Amino acid sequence: QVQLVESGGGLVQAGGSLRLSCAVSGRTFSSTAMGWFRQAPGKEREFVAAIRWSGGSTYYADSVKGRFTISRDNGKNTVLLQMNSLKPEDTAVYYCAASFRIGTPLNRLIYDYWGQGTQVTVSS
């Protein structure tokens, strides 16, 4: 089993920054990738960013490229999402996810475990 706990969400004005953290515990040694997804009211859950544990390759949605940065701390089993220049359209519940499969980290179907989510609200 794997447990994921997100933190760092909140309310921020447009143009501001937030840093989300995902603490990973349990069977983590064979995880292939970690991802961040978000879901706004009435919309499907969408890919935001991902990182591979081995090698550290990163992937971003076009909508956040240049503004968000995903990183990992292998020693602390933590994945971070630094979000800068936030826009009202970034408002959503943000979920951390862990994958143990081979496949593109952009595809939410390869993720086996999900956190409970953390709310991010960006006011205009």
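Residues numbered from 1 in each chain as written. Predicted model: local features only at pLDDT ≥ 70, side-chain atom pairs only at ≥ 80, totals over all residues. Heavy atoms only, no water.

Peer 1: In this structure, what is going on with the pairing of strand 1 (residues 2–7)? I would like to understand it.
Peer 2: One face of the sheet, then the other: side chains in a regular strand alternate in exactly this way. Side chains of strand 1 alternate between two faces, with Val2, Leu4 and Glu6 buried and Gln3, Val5 and Ser7 left unburied. Here strand 1 runs beside strand 3 (residues 18–26); their pairing, made up of six bridges, is antiparallel. Residue pairing across strands places Val2 opposite Gly26, the latter belonging to strand 3. (Buried < 20%, exposed > 50% of the residue type's maximum accessible area, 1.4 Å probe, protein only. Helix = DSSP H or I, 4+ residues; strand = E, 2+ residues; numbered from the N terminus. Pairing = 2+ DSSP bridges.)

Peer 1: I would appreciate a short explanation of the packing of aromatic side chains in the present structure.
Peer 2: Two measures describe an aromatic ring pair: the distance that separates the ring centres and the angle between the ring planes. Summed over the entire model, instances satisfying the criterion amount to five aromatic pairs. Between Phe37 and Phe47, the ring centres sit 5.7 Å apart and the planes meet at 75°, which makes this aromatic pair edge-to-face. Of this pair, Phe37 sits in strand 4 (residues 33–39) while Phe47 sits in strand 5 (residues 46–52); the two residues are 10 residues apart in sequence, bridging distant segments of the chain. Here a set of aromatic residues connected by ring pairs shows up, and it is made of Phe37, Phe47, Tyr111 and Trp114. Sitting over the ring of Tyr95, Arg45 keeps its end group 3.7 Å from the ring centre. Lying across the ring of Trp114, Arg45 places its NZ or CZ 4.9 Å from the centre. (Phe/Tyr/Trp six-rings, centres within 6.5 Å; stacked < 30°, edge-to-face > 60°. Lys NZ or Arg CZ within 6 Å of the ring centre and 35° of its normal.)

Peer 1: What exactly am I supposed to notice about the side chain of Thr118 here?
Peer 2: Its place among the elements puts Thr118 in strand 11 (residues 118–123). In this structure Thr118 comes out as buried when scored by relative accessible area, which is 11%. Looking at Thr118, its side chain comes within polar contact range of the main-chain nitrogen of Gly9, at 3.3 Å. (Polar contact = N/O pair within 3.5 Å; in protein donor to acceptor, adjacent residues only side chain to side chain.)

Peer 1: What exactly am I supposed to notice about the sheet that holds strand 1 here?
Peer 2: Where strands meet in a sheet, backbone hydrogen bonds hold them as pairs that are either parallel or antiparallel. Spatially, 1-3-8-7 is the arrangement adopted by the four strands of the open sheet, whose pairing is antiparallel. Because the sheet does not close on itself, it has two edges, and the strands there are strand 1 and strand 7 (68–73). The average angle at which neighbouring strand axes cross in this sheet is 15°, direction not considered. (Axes fitted to C-alpha atoms, helices over the stretch in contact; angles between N-to-C directions.)

Peer 1: Please clarify how the nonpolar core should be interpreted in this entry.
Peer 2: The tendency in soluble globular proteins is for nonpolar side chains to be buried as a group. In this structure, Leu4, Met34, Trp36, Leu81, Met83 and Tyr94 are the most contacted members of the largest nonpolar core, which totals 37 residues. Among all residues touching Met83, those that are not within four sequence positions of it are Gly16, Ser17, Leu18, Leu20, Arg67, Phe68, Tyr94 and Val120. (Core = buried A, V, L, I, M, F, W, Y, C linked by side-chain atoms within 4.5 Å. Contact = heavy atoms within 4.5 Å.)

Peer 1: When you look at the environment of Arg101 in this model, what are you seeing that I'm missing?
Peer 2: Of note, Arg101 is situated in the loop between strand 9 (92–99) and strand 10 (111–114). A sequence separation of 68 residues divides Arg101 from Ala33, and the C-alpha atoms of the two residues are 8.2 Å apart. Contact partners of Arg101, with chain neighbours within four places excluded, come to Thr32, Leu109, Ile110 and Asp112. Reaching out from Arg101, the side chain makes a polar contact with the side chain of Asp112 at a distance of 2.8 Å.

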